[in-house]
Amino acid sequence: MSHKRIPKRKAVLAVGGVAALGAAALLLPNANASQDGTADTKAAPRILKASDASDLAAQLSGLLGDAFAGSYYDAGRQQLVVNVVGDNNQLVVQAKKAGAAVREVDNSTAELKAAAQTLKSEATIPGTAWAVDPRSNKILVTADSTVTGGDWDTVESTVRELGPGMATLRKSTGTFKTFASGGDAIFGGGARCSLGFNVTAGDGTPAFLTAGHCGVAAAQWSDTQGGTPIGTVDQAVFPGQGDFALVRYDDPATEAPSEVNAEGQRVPILQAAEATVGQQVFRMGSTTGLADGAVTGLDATVNYPEGTVTGLIQTNVCAEPGDSGGAMFTQDGLALGLTSGGSGDCTVGGETFFQPVTTALEAVGATLDGAGGSAGAGGAEEGAGGAEEGAGGAEEGAGGAEEGAAGEQQGPEDQQQGAGNGQRGAENGQQGAGDQAGGADEGTGADEQDGGEEAGTDESGLTETH
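Conventions we followed
- Residues numbered from 1 in each chain as written.
- Predicted model: local features only at pLDDT ≥ 70, side-chain atom pairs only at ≥ 80, totals over all residues.
- Heavy atoms only, no water.
- Phe/Tyr/Trp six-rings, centres within 6.5 Å; stacked < 30°, edge-to-face > 60°.
- Helix = DSSP H or I, 4+ residues; strand = E, 2+ residues; numbered from the N terminus.
- Buried < 20%, exposed > 50% of the residue type's maximum accessible area, 1.4 Å probe, protein only.
- Contact = heavy atoms within 4.5 Å.
- Pairing = 2+ DSSP bridges.
- Axes fitted to C-alpha atoms, helices over the stretch in contact; angles between N-to-C directions.
- pLDDT = per-residue confidence, 0-100.
- Disulfide = S-S within 2.5 Å.
- Parallel < 35°, antiparallel > 145°, perpendicular 65-115°, else oblique.
- Left-handed = near helix turned anticlockwise from the far one by under 90°.
- Nonpolar A, V, L, I, M, F, W, Y, C, P; charged D, E, K, R; others polar.
- Core = buried A, V, L, I, M, F, W, Y, C linked by side-chain atoms within 4.5 Å.
- Right-handed = clockwise from strand over helix to strand, strands pointing away.

Caption draft 1: Structural context of the packing of aromatic side chains. Summed over the entire model, instances satisfying the criterion amount to four aromatic pairs. Ring plane angle 50° and centroid distance 6.1 Å describe the contact between Phe238 and Tyr304, whose orientation is recorded as tilted. Linking Phe238 in the loop between strand 13 (231-237) and strand 14 (244-249) with Tyr304 in strand 19 (residues 289-304), this pair joins segments that are 66 residues apart in sequence. A residue is classified by how much of its surface remains accessible, and Phe238, at 12% relative accessible area, is buried. A relative accessible area of 2% means that Tyr304 is categorised as buried.

Caption draft 2: Region of the structure containing the environment of Val92. When you line up the elements, Val92 lands in helix 3 (residues 89-97). With relative accessibility at 10%, the residue Val92 sits in the buried group. For the pair Val92 and Arg103, spaced 11 residues apart in sequence, the C-alpha to C-alpha distance is 8.9 Å. Dropping the residues within four chain positions of it, Val92 is found in contact with Val84 and Val102.

Caption draft 3: Spatial organisation of unusual backbone geometry. In this structure, Pro239 follows Phe238 across a cis peptide bond, with omega equal to -15°. With respect to the element layout, Pro239 can be found in the loop between strand 13 and strand 14. For Gln78, which is not glycine, the phi dihedral falls at a positive 55°. The residue Gln78 is located in the loop between strand 1 (68-74) and strand 2 (79-84) in this model. Even without glycine at this site, Asn137 takes up a positive phi of about 60°. Among the structural elements, Asn137 can be located in the loop between strand 4 (128-133) and strand 5 (138-143).

Caption draft 4: Spotlight on the sheet that holds strand 12 (residues 220-221). With respect to topology, five strands assemble into an open sheet ordered 10-11-14-13-12, the strand pairing being antiparallel. On the outer flanks of this sheet lie strand 10 (197-200) and strand 12, each paired with one strand and no other.

Caption draft 5: Molecular detail of the sheet that holds strand 1. Strands sit in the order 1-2-3 across an open sheet of three strands; the sheet is mixed. Looking at strand neighbours, the two that pair on one side only are strand 1 and strand 3 (101-104), the edges of this open sheet. Sheet twist, expressed as the mean angle between neighbouring strand axes with direction ignored, is 25°. Here strand 1 pairs with strand 2 via five bridges, running antiparallel. Its bridge partner lying in strand 2, Tyr73 is registered against Leu80.

Caption draft 6: Structural detail: the confidence of the model for the chain. Across the chain, the average pLDDT comes to 77, with 69% of residues at 70 or higher. Confidence drops under a pLDDT of 50 for residues 1-21, and excluding neighbours within four residues, the segment shows 53 contacts in the predicted structure. Note on residues 30-41: pLDDT is under 50 here. Beyond four places in sequence and across chains, it has 17 contacts.

Caption draft 7: View of the state of the cysteines. For the structure on display, the rule yields two disulfides. At a sulfur-sulfur separation of 2.1 Å, the disulfide partner of Cys193 is Cys214. Because the sign of the S-S torsion sets the handedness, a value of about -95° for the bond joining Cys193 and Cys214 places this disulfide among the left-handed ones. Of the two residues, Cys193 is situated in strand 9 (residues 191-194) and Cys214 in helix 6 (residues 212-215); the sequence distance between them amounts to 21 residues. The disulfide partner of Cys318 is Cys346, and the gap between their sulfur atoms is 2.1 Å. Where Cys318 bonds to Cys346 through sulfur, the torsion about that S-S bond is close to 95°, and the disulfide is right-handed. Linking Cys318 in the loop between strand 20 (307-315) and strand 21 (327-329) with Cys346 in the loop between strand 22 (334-342) and strand 23 (352-356), this pair joins segments that are 28 residues apart in sequence.

Caption draft 8: Representation of the packing of helix 2 (residues 50-64) against helix 3 in the model. Put simply, helix 2 and helix 3 touch, their axes get as near as 11 Å, and they point 160° apart. The angle between helix 2 and helix 3 places the two elements in the roughly antiparallel class. The way helix 2 lies across helix 3 gives a crossing that is right-handed. Residue-level inspection shows Leu60, Leu63 and Leu64 of helix 2 in contact with helix 3, the latter providing Leu91, Gln94 and Ala95. Of the residues contributing to the contact of helix 2 with helix 3, the split by class is five nonpolar, one polar and no charged.

Caption draft 9: Spotlight on the nonpolar core. Phe197, Leu209, Val260, Phe329 and Val357 are the most contacted members of the largest nonpolar core, which totals 25 residues. For this core, the secondary structure elements donating two or more residues are strand 10, strand 11 (206-210), strand 14, strand 15 (259-262), strand 18 (280-285), strand 21, strand 22 and helix 7 (357-364). Considering each element in turn, this core owes the most residues, four residues, to helix 7. Core analysis: the second largest hydrophobic core is formed by 17 residues, Leu64, Val82, Val84 and Leu91 among them.

Caption draft 10: A look at the pairing of strand 5. With five of its six residues buried, strand 5 lies for the most part within the structure. Sheet analysis places strand 4 next to strand 5, joined by six bridges and oriented antiparallel. Bridging from a neighbouring strand, Val132 pairs with Ile139 of strand 5. Connecting the antiparallel pair strand 4 and strand 5 is a turn made up of four residues, with Asn137 showing a positive phi of about 60°. Where strand 5 lies against strand 6 (residues 167-171), five bridges are found, and the strand directions are parallel. Counted as the bridge partner of Thr142 is Arg170 from strand 6. The parallel pair strand 5 and strand 6, bridged by helix 5 (residues 149-161), forms a crossover whose chirality is right-handed.

Right, here's the structure in full:
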């Protein structure tokens, strides 16, 4: 379909497999068991949502300083677990009072970063990847099936030289590759990728994020195979310090809702957020549709055949060629990542790596407005325009959308009212999250183009997920 304005498509991806059905079921509305409304009078770990655990981890990282050695979310107990090195009992007490479960470990963040630097200098071999695993307090090094012979010996000896208890090496049966082929499918230069999230460019015009290896593959992208282009690449990074691209819609009047089309379920995307190890996530792509899994590592380095990419999120979510650029998000509407590449498929599983959305937004100077702000409205990732914590009456100032407040707030005439369906701003009565969409142009879901051509796969090594 060729058009200048993108309608809110209602197509549902045909996705096989029990895993996809399970992911879809998990997205259905349900009561959230986590609670964080009561003040802690004892040093017992708080029951937290994953998003709240991420915020607490950021706070404790600053509080603990060099003693902070990473953290992860224990989904079973719904607790944040913080790793601490050293014998400063006062810091441990403060972390516990803040609501975290504290675990004393041997390897500091500085030591783990130094070990990762050694791997970079001595074992940057196509088909390898590494990321810090806070659950084991080690670096998890993965080599795919193409790493054999002398290359395998090099990786193995480098890991051994790091010393005992510093790194773990494992073999992957698949090959790391980018998944270029096709959230909603987009097509360009013979490749099929997936749209990630709709955003607002720095000049206020509508745009979307996708994978960088898609952005360098073609300058213009269409939402139908062989159709009229709807967007032009503005910026693209790949390989190097990320895998992301900003594509501006050619028509500045394009409707760009902030939502993901998750196989017929419209998931409002409220804001961008940092991922947390252990966090349950969903991934939408135009080839395999909806899949779910967990974050297993942060600040991952992946050595694709095309070059090394740093700063990625590692997961056990499956993906296949065509899923590149697609959205990784949470059930409660947090945008976390853009599908980059990995190994395996949605039959046998494997690793998939994602570009953090927060990093991409900062690099391209764009904002994710969140449901309730149309593209071009200029909302911020931190939940622009909303009621601040616990607000119930009218308050002066800009709405902050922190912690999901419920009442009315007054704000400047230009300010949007934040998260919470049906909230109204005092000056211009704009509606907030849930009533409008502002980003993630139908998020994912391959429209009618699920069978588009695959491109960008390199059989010899790591693949990017276009």
